[in-house]
Amino acid sequence: MNFFKNKIILVTGGTGSIGSEIVRQLLKYRPKQIRILSRNDSKQYHLLEQLNYPKNVRALIGDIRDAKRLDLAFENVNLVFHAAALKHVSLCEYNPLEAIKTNVFGSQNVIDAAFKNNVGKVIAISTDKAANPGNMMGLSKLMMEKLLTNTSYFSGSKTKLSCVRFGNVA
């Protein structure tokens, strides 16, 4: 319970189905600050309203594809939950390059920002569809997993990178 207390935590994709629930759960543990990174200002607004505007929550408009924005968002962060992704199978099938740009290149930006800012730990959220992927979404999330696990293994950095797979939650 004390693990999150007084920490600065960033949640990428913090207004999505998984990210917003992570934010709700984290609030119970009294972190110093939760930064919600999302490119959707309407979802940011609605989430803040639902949470009743807690003083320790900051809404950051941004995209994981934007490395410069991530550098600012990651400043002084202790822990990152990386939930930002394109995750709808049919949309990734019709927009494969966009899935790669977000789920792979955007995740590499998250890794780079974490190392640059000496973040203690990054926990990336993946999907059961990354196991023997048969679609672009699963493939792009498997590639994200490989980036994190292989970078963590070879980096020698104090920043710890890990992944967790979820099944369908929404």
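What this report covers is the structure whose coordinates are included nearby. Once a new chain begins, its residue numbering starts again from 1 and follows that chain's sequence as written. This being a predicted model, a pLDDT of at least 70 is required before a residue's local features are given, and a value of 80 or more before pairs of side-chain atoms are given or counted; all residues contribute to the totals for chains, interfaces and linings. Only hydrogens and water are removed before side-chain values are computed, so all heavy atoms of the structure are retained for them.

1. What about helix 1 (residues 17-27)?
This is how the line gets drawn: Each residue gets one of three labels from its accessible area relative to the maximum for its type: buried under 20%, exposed over 50%, partly exposed in between, using a 1.4 Å probe on protein chains only. Each helix corresponds to a stretch of at least 4 residues labelled H or I by DSSP, and each strand to a stretch of at least 2 residues labelled E; elements are numbered beginning at the N terminus. Between two residues, a contact is recorded if the distance between any of their heavy atoms is within 4.5 Å.
Within the span of helix 1, buried status applies to Ile18, Gly19, Ser20, Ile22, Val23 and Leu26. Lining the buried residues of helix 1 we find strand 1 (8-12), strand 2 (33-38), helix 2 (41-50), strand 4 (79-82), strand 5 (121-127) and strand 6 (160-166).

2. Focus on the side chain of serine 140
We count it as follows: Here a polar contact is recorded for every N or O atom pair within 3.5 Å, except that within protein the pair must consist of a potential hydrogen donor and a potential acceptor, and residues adjacent in sequence are included only if both atoms are side-chain atoms.
One can find serine 140 in helix 6 (residues 136-155). Given a relative accessible area of 0%, serine 140 falls into the buried group. Among the polar contacts listed, one links the side chain of serine 140 to the side chain of asparagine 103, at a separation of 2.8 Å. Residues within four places of serine 140 in sequence aside, it is in contact with Ala99, Ile100, Asn103 and Val104.

3. Some points on the sheet that holds strand 1
Two orientations exist for strands paired in a sheet by backbone hydrogen bonds: parallel and antiparallel. For the record, the criterion: When DSSP locates at least two bridges between a pair of strands, those strands are taken to pair. A fitted line through C-alpha atoms represents every axis, and for helices the fit uses only the stretch in contact; the resulting angles, taken between N-to-C directions, go from 0 to 180 degrees.
The six strands are arranged 3-2-1-4-5-6 in an open sheet whose pairing can be described as parallel. Across the chains shown, the open sheet's two edge strands, defined by having one partner strand only, are strand 3 (57-61) and strand 6. Geometrically, the sheet is characterised by an average inter-axis angle of 20 degrees between neighbouring strands, direction not taken into account. As paired strands, strand 5 and strand 6 are joined by seven bridges and run parallel to one another.

4. Considerations on the side chain of arginine 35
Summarising the element assignment, arginine 35 is placed in strand 2. Beyond its immediate stretch of four places on either side in the chain, arginine 35 contacts Ile8, Ile9, Leu10, Val11, Arg58, Leu60, Leu72, Ala73, Phe74, Glu75 and Val77.

5. Section: the environment of threonine 102
For threonine 102, the location among the structural elements is in helix 5 (residues 96-116). Sequence spacing of threonine 102 and aspartate 66 is 36 residues, and the spatial spacing of their C-alpha atoms is 9.9 Å.

6. Overview of the packing of aromatic side chains
What counts is decided by this rule: A pair of aromatic rings is counted whenever rings of Phe, Tyr or Trp (Trp by its six-membered ring) have centres within 6.5 Å, and the orientation is called stacked for planes under 30 degrees apart, edge-to-face for over 60 and tilted otherwise. Think of it as a cone above the ring: NZ of Lys or CZ of Arg counts as a charge over the ring if it is within 6 Å of the ring centre and within 35 degrees of the ring normal.
Following the criterion strictly, the structure yields three aromatic pairs and no others. When the ring of phenylalanine 3 is compared with that of phenylalanine 4, the centres are 5.2 Å apart and the planes differ by 80 degrees; the resulting orientation is edge-to-face. Take phenylalanine 3: its relative accessible area is 45%, and that puts it in the partly exposed class. The structure contains a cluster of three or more aromatic residues connected by ring pairs, namely Phe3, Phe4, Tyr29 and Phe81. The positively charged end of lysine 7 is found above the aromatic ring belonging to phenylalanine 3, 4.3 Å away from the centroid.

7. Let's talk about helix 5
What counts here: Given the number of residues in a helix, its expected span is that number minus one, multiplied by 1.5 Å.
Taking 1.5 Å per residue, 21 residues should reach 30 Å; helix 5 reaches 29 Å between its end C-alpha atoms and fits that length. For helix 5, the complete set of buried residues consists of Ala99, Ile100, Thr102, Asn103, Val104, Gly106, Ser107, Asn109, Val110, Ile111, Ala113 and Ala114. Where helix 5 ends, the next residue or the one after it, asparagine 118, has phi of about 55 degrees, a positive value.

8. Let's talk about the pairing of strand 1
Note the cut-off: Clockwise travel from the first strand over the helix to the second, with the strands pointing away from the viewer, marks a crossover as right-handed.
Buried residues dominate strand 1, accounting for five of its five residues. Neither face of strand 1 is left uncovered, since the one carrying Ile8, Leu10 and Thr12 and the one carrying Ile9 and Val11 both have all their residues buried. Relative to strand 2, strand 1 runs parallel, the two sharing five bridges. When the sheet's bridge partners are listed, threonine 12 is paired in strand 2 with leucine 37. Viewed along the sheet, the connection from strand 1 through helix 1 into strand 2 turns out right-handed. Pairing of strand 1 with strand 4 involves four bridges; the strand directions are parallel. Bridge pairing in strand 4 places leucine 10 opposite valine 80.

9. A short note on the layout of surface pockets
Applicable threshold: Buriedness of a pocket was judged along seven lines, with at least five required to meet protein on both sides within 12 Å; pockets are open sets of points on a 1 Å grid over the protein atoms alone, cavities are sets where a 1.4 Å probe fits but cannot get out, and lining residues have an atom within 4 Å of a point. Grid points are joined across faces, edges and corners, and a volume is the space filled by probe spheres set on the points. Put simply, Ala, Val, Leu, Ile, Met, Phe, Trp, Tyr, Cys and Pro go in the nonpolar bin, Asp, Glu, Lys and Arg in the charged bin, and everything else, Gly too, in the polar bin.
Taken as a whole, the largest pocket encloses approximately 520 Å³ of empty space. Of all the secondary-structure elements, those providing two or more residues to the lining of the largest pocket are strand 2 and helix 4 (89-94). Of the residues that constitute the lining of the largest pocket, the class distribution is eight nonpolar, eleven polar and four charged.

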